[in-house]
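# Structure assessment
If you want the building blocks of each chain, they are given just below.
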Amino acid sequence: MGLTGIVLAVDAGNSKTDVAVLGADGTVLGAARGGGFQPPLVGVPAAVDGLAEIVGRACAEAGVPAGFAHVSACLANADLPSEETALQAELLGRDWSRSVRVHNDTFAILRAGLDEPRGVAVVCGAGINCVGMTPDGRTARFPAIGKISGDWGGGSGMAEEALWFAARAEDGRGDPTELARALPEHFGLETMYALIEALHLGLLPFERRHELTPVLFRVSAAGDPVALSLVHRLAEEVVALAAVALGRLGLLDEEAPVMLGGSVLAARHPQLEERIRELLAERAPKAVVGFVTAPPVLGAGLLALDEVAAGPEAAARLREHYGA
């Protein structure tokens, strides 16, 4: 383990992992990409084995051994403090550094959108999550495990809700909605019954359900009241998360950024964005809304540079590398 001025940034999501080896001046010395990081499926040691292979490739590109002044690892499925502790112990055992910080991967998106580590981020991709931080090290977060932890929304959740309302519209249990026609039509099917059958029997892969979320937004934009109600409910969830996180950090009464990221929010659907802004004006009137489009590994890198007190010039150099 070499204690050098070099730091390691890791952004490991469910579907892909990005690793960057950085100089203390913010220069990207090497980078690599690999598959998703899913310790709940394969176990912590096996998941970190996969991460080690990607780190090895990044180090090879940088021409340096795997020894760092600090490792900043923003990891999917690090949802609870106990999970962070287990992952941190496994990373420390790899002898990459004596200084390792594990964060939930949402922190990478938050830091990528901020010039300083102060504010809140709500991320809505396949799922939904919210985190906040302040320069003195305080954080706000939620378990974000799903319905058992009080969560609603995310692309997958929105698709399931759309299917629920469409099924009930077709068989008469619910209010009429254009979703009953648009959802099966997306897959070349004529009825919701046919779509239900195809999903139940595995004729359509489970993962293709996420394709229905853009259909929901399209139907909402055309004026369908059922679809619009789902979009508005998502806005309410986003604002509830942001307002609670701001309150926990003592930021409700001062200007503070609320960064929105993830595929659903970054798409900037007008009805969703307008409703979010309306509700934030009521619950957190001093919040300043922004959108994060920079790659999350940038945020992991900025967190690493924060740890070694690299300074604003290093942060600016790293941002320039990622076009942010």
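Above: the structure in question.
Structure report, in brief. (Residues numbered from 1 in each chain as written. Predicted model: local features only at pLDDT ≥ 70, side-chain atom pairs only at ≥ 80, totals over all residues. Heavy atoms only, no water.)

### Let's talk about the sheet that holds strand 10 (residues 287–291)
Strand order in the open sheet formed by 5 strands is 8-7-6-9-10, with mixed pairing between adjacent strands. Bordering the open sheet on either side are strand 8 (139–141) and strand 10, each of which pairs with just one other strand. Neighbour to neighbour, the strand axes of the sheet diverge by 20 degrees on average, direction disregarded. Relative to strand 7 (residues 128–133), strand 6 (residues 119–124) is paired through 6 bridges, and the arrangement is antiparallel. Looking at strand 7, one finds that G119 is bridged to M133. (Pairing = 2+ DSSP bridges. Helix = DSSP H or I, 4+ residues; strand = E, 2+ residues; numbered from the N terminus. Axes fitted to C-alpha atoms, helices over the stretch in contact; angles between N-to-C directions.)

### Describing helix 12 (residues 296–307)
Within an α-helix, residues lying three or four positions from one another point in the same direction, as the helix has 3.6 residues per turn. The terminal C-alpha atoms of helix 12, which comprises 12 residues, lie 17 Å apart, in line with the 16 Å expected from a rise of 1.5 Å per residue. The buried count for helix 12 comes to 10 of 12 residues, which makes it a mostly enclosed element. Along helix 12, the residues that are buried comprise P296, V297, L298, G299, A300, G301, L302, L303, A304 and L305. With its phi angle positive at about 50 degrees, A309 sits one or two positions after the end of helix 12. (Expected span 1.5 Å × (residues − 1). Buried < 20%, exposed > 50% of the residue type's maximum accessible area, 1.4 Å probe, protein only.)

### Considering the packing of aromatic side chains
Aromatic rings in a pair are described by how distant their centres are and how their planes are angled relative to each other. Overall, the coordinates contain 1 aromatic pair when judged by the stated rule. Ring geometry for W164 and F165: centres 4.9 Å apart, planes at 80 degrees, overall edge-to-face. Relative accessible area serves as the criterion here: at 46%, W164 is assigned to the partly exposed category. Note that R248 overlies the ring of F142, its terminal NZ or CZ placed 4.6 Å from the centroid. For R268, the ring lying beneath its charged end belongs to F291, and the centroid distance is 3.8 Å. (Phe/Tyr/Trp six-rings, centres within 6.5 Å; stacked < 30°, edge-to-face > 60°. Lys NZ or Arg CZ within 6 Å of the ring centre and 35° of its normal.)

### Digging into unusual backbone geometry
At A144, a position not held by glycine, the phi torsion is positive, near 55 degrees. As for its position among the elements, A144 is in the loop between strand 8 and helix 5 (154–171). Since its relative accessible area comes to 18%, A144 is described here as buried. Phi at A309 takes a positive value of approximately 50 degrees, unusual for a residue other than glycine. Mapped onto the secondary structure, A309 falls in the loop between helix 12 and helix 13 (312–321). According to the relative accessible area criterion, A309 is exposed, its value standing at 65%.

### Topic: the environment of F68
Structurally, F68 can be placed in the loop between helix 2 (44–62) and strand 4 (70–75). Looking at F68, the relative accessible area reads 0%, which means it is buried. With 44 residues separating them in the primary sequence, F68 and A112 have C-alpha atoms 21 Å apart.

### A few points about the sheet that holds strand 3 (residues 28–35)
Pairing is mixed across the open sheet formed by 5 strands, whose spatial order is 3-2-1-4-5. Each edge of the open sheet carries a strand with a single partner, namely strand 3 and strand 5 (100–104). Averaged over neighbouring strand pairs, the angle between their axes works out to 10 degrees when direction is ignored. Across 6 bridges, the pairing between strand 1 (residues 7–12) and strand 2 (residues 16–22) is antiparallel. In the strand pairing of strand 2, L8 is matched with V21. Contacting strand 1, strand 2, strand 4 and strand 5, helix 12 crosses the sheet at an angle of about 145 degrees to strand 1. (Contact = heavy atoms within 4.5 Å.)

### Focus: the pattern of salt bridges
Per the counting criterion, the structure on display carries 18 salt bridges. A salt bridge links E90 to R94; the nearest nitrogen and oxygen atoms lie 2.8 Å apart. For R101, the salt bridge identified is with E307, shortest N-O distance 2.8 Å. Here R101, found in strand 5, pairs with E307, found in helix 12; they are 206 residues apart in sequence, far enough to count as distant. (Salt bridge = Lys/Arg side-chain N within 4 Å of Asp/Glu carboxyl O.)

### Thoughts on the pairing of strand 6
With 6 of 6 residues buried, strand 6 lies mostly within the body of the structure. Where burial is concerned, the two faces of strand 6 agree: the one with G119, A121 and V123 and the one with V120, V122 and C124 are both buried. Connecting strand 6 to the antiparallel partner strand 7 that follows it, the hairpin turn spans 3 residues. The pairing of strand 6 with strand 9 (residues 256–261) spans 4 bridges and is classified as parallel. Within the sheet, the bridge partner assigned to V120 lies in strand 9 and is V258.

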